[in-house]
Amino acid sequence: MAALLPLCLAFPSWAPAHPSLILPLLPPLACTRPPPRRAPPPLLSTPRPSPAAPRGIAIRRAAFPADFEAVCRVRAPSAFVVEDGTAGFLGRRVSLPPEEALARRVSARLGGALRDNATVLLAVDGEGGVVGTADVVELPAGASRRAFAPPLPRRCLVRNVWVCAEVRRRGVASALMREAEGEARARGAEMVTLEVNWDNAPARRLYERLGYEDLEPSQLPIPFWMRGALLLGKRLS
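Definitions and cut-offs
Sequence order as written defines residue numbering, which begins from 1 separately in each chain. In view of the model being predicted, local features appear only for residues whose pLDDT reaches at least 70, and side-chain atom pairs are presented and counted only at 80 or more, with totals across whole chains, interfaces and linings using the full set of residues. Side-chain calculation: all heavy atoms of the structure are included, whereas hydrogens and water are not. Secondary structure elements follow DSSP: runs of H or I of four or more residues count as helices, runs of E of two or more count as strands, with numbering from the N terminus. Using a 1.4 Å probe on the protein chains alone, a residue whose accessible area is under 20% of its type maximum counts as buried, one over 50% counts as exposed, and one in between counts as partly exposed. In what follows, a contact means two residues having at least one pair of non-hydrogen atoms within 4.5 Å. Each accessible area is a Shrake-Rupley result for a 1.4 Å probe, and residues are judged covered by the shown protein chains and nothing else. One speaks of a salt bridge when a side-chain nitrogen belonging to Lys or Arg is within 4 Å of a carboxyl oxygen belonging to Asp or Glu. Note on aromatic pairs: the rings of Phe, Tyr and Trp (six-membered ring only in Trp) are paired at centre separations within 6.5 Å, and the planes decide the class, stacked below 30 degrees, edge-to-face beyond 60, tilted for the rest. Within the patch definition used here, like charges are joined within 9 Å and nonpolar side chains (Val, Leu, Ile, Met, Phe, Trp, Tyr) within 5 Å, considering only residues with over 30% relative accessible area and no salt bridge. Two N or O atoms count as a polar contact when they lie within 3.5 Å, although within protein this holds only if one can serve as hydrogen donor and the other as acceptor, and sequence-adjacent residues are included solely when both atoms are side-chain atoms. Note on pairing: two strands pair once DSSP finds at least 2 bridges between them.

Colleague: Could you clarify how one ought to interpret the overall build of the protein in this entry?
Modeller: Scanning the protein for helices and strands turns up five helices and nine strands. Counted from the first residue to the last, the protein has its helices and strands arranged as β-β-β-α-α-β-β-β-α-β-α-β-α-β. Looking at the 237 residues of the protein, the share that counts as buried comes to 46%. Taking as baseline every contact in the protein between residues at least 6 positions apart, the subset at least 24 positions apart corresponds to 67%. Of the roughly 12400 Å² of accessible surface on the protein, 58% is carried by carbon and sulfur atoms.

Structure (structure tokens):
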């Protein structure tokens, strides 16, 4: 697989967590129970063409555990884990039973999605191969990340936007984002938010084209590199 490019951050520290969905290999987290959620739209078991998707690409929801391996092939680890075939203690090659090897791969790449009961969207090519992913997590109305920032309405957080190198610049990320906005509307959310590194210029340009704005603009002339991850958002009409 060619090198991958994360288009938004994976694990914002303020995202809600659901303790019953933590994988066995994930450490216990101090969690609060999320608000009651509306039932999501019916699960898409097969890809369907999306009006926003480029030719040859369809968008569907992931079905786990069947899609574990496909998603793990697209995403890089978002958390440290010693995996099968990697160097472990004293540089010795790690060899794990298949079940444990898969559990560790899933823990490092999908742990947050399972923990937060995220809807995982997949972009698939004409042969059914997964070439992109995005997570959609429902969040209640409440305070923003930083003090003195205005409160945010009920919203959906998009994260883990990954696109395989061979299909970049073909509109796959845009299609995933528009599908995520459709998910948010179906859940009654007023806004979609995401975090992106200040130095990820291609991703920032993409989100600006899609109508996302800086939700925490500084009142002082502080450069982006001092702010770290930027919180962007878009109100849904």
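Colleague: Can you walk me through unusual backbone geometry in this structure?
Modeller: Excluding glycine, residues mostly carry a negative phi; peptide bonds, for their part, are mostly trans. Geometrically, the link from phenylalanine 64 to proline 65 is a cis peptide bond, its omega value of 10° lying close to zero. Within the secondary structure layout, proline 65 lies in the loop between strand E3 (58-61) and helix H1 (68-74). Here asparagine 160, not a glycine, exhibits a phi torsion of approximately 55°, which is positive. Relative to the elements of secondary structure, asparagine 160 occurs in strand E6 (residues 155-163). Here arginine 169, not a glycine, exhibits a phi torsion of approximately 65°, which is positive. When you line up the elements, arginine 169 lands in the loop between E6 and helix H3 (172-186). Among the residues examined, arginine 169 registers a relative accessible area of 81% and is labelled exposed.

Colleague: Before we go on, may I ask you to explain the pattern of salt bridges in this structure?
Modeller: Between side chains of opposite charge, a pair can form when the charged atoms approach closely. With the rule as written, the count across this model stands at eleven salt bridges. A salt bridge links glutamate 138 to arginine 187, with the nearest nitrogen and oxygen atoms 3.9 Å apart. Of this pair, glutamate 138 sits in strand E5 (residues 130-139) while arginine 187 sits in the loop between H3 and strand E7 (191-197), and the two are 49 residues apart along the sequence. On the basis of relative accessibility, which here comes to 2%, the residue arginine 187 falls in the buried class. The partner of arginine 187 in a salt bridge is glutamate 183, and the shortest N-O contact between them spans 3.7 Å. Across the pair, glutamate 183 and arginine 187 agree in class, each one buried. One connected set of salt bridges, linked through shared partners, spans Arg61, Glu138, Arg154, Glu183 and Arg187.

Colleague: Got a minute to help me understand the packing of aromatic side chains in this structure?
Modeller: For any pair of aromatic rings, geometry is given as the distance between the ring centres together with the angle between the planes. Inspection of every chain in the model, using the stated rule, returns two aromatic pairs. With a centroid separation of 5.0 Å and 20° between ring planes, the pair formed by phenylalanine 64 and phenylalanine 68 is classed as stacked. Given a relative accessible area of 15%, phenylalanine 68 falls into the buried group.

Colleague: Would you explain a nonpolar patch on the surface in this entry?
Modeller: On the surface, Trp198, Leu220, Ile222, Phe224, Trp225 and Met226 cluster together into a nonpolar patch covering about 640 Å² of accessible area. Residue position: phenylalanine 224 is located in helix H5 (residues 224-227).

Colleague: Is there a simple way to explain the environment of arginine 115 in this structure?
Modeller: Its place among the elements puts arginine 115 in helix H2 (residues 98-115). Among the residues examined, arginine 115 registers a relative accessible area of 12% and is labelled buried. Polar side-chain contacts of arginine 115 include one of 3.0 Å to the side chain of aspartate 116.

Colleague: Would you take a moment to explain the pairing of E6 for this structure?
Modeller: Consecutive residues of a regular strand have side chains that alternate between opposite faces of the sheet. Burial analysis of E6 places nine of its nine residues in the buried class, which makes it a mostly covered element. Alignment of E5 against E6, held across seven bridges, turns out to be antiparallel. The residue of E6 that forms the bridge with valine 136 is valine 158. Sheet topology places E6 next to E7; three bridges connect them, and they run parallel. Each residue of the ladder has a partner; that of cysteine 156, found in E7, is valine 192.

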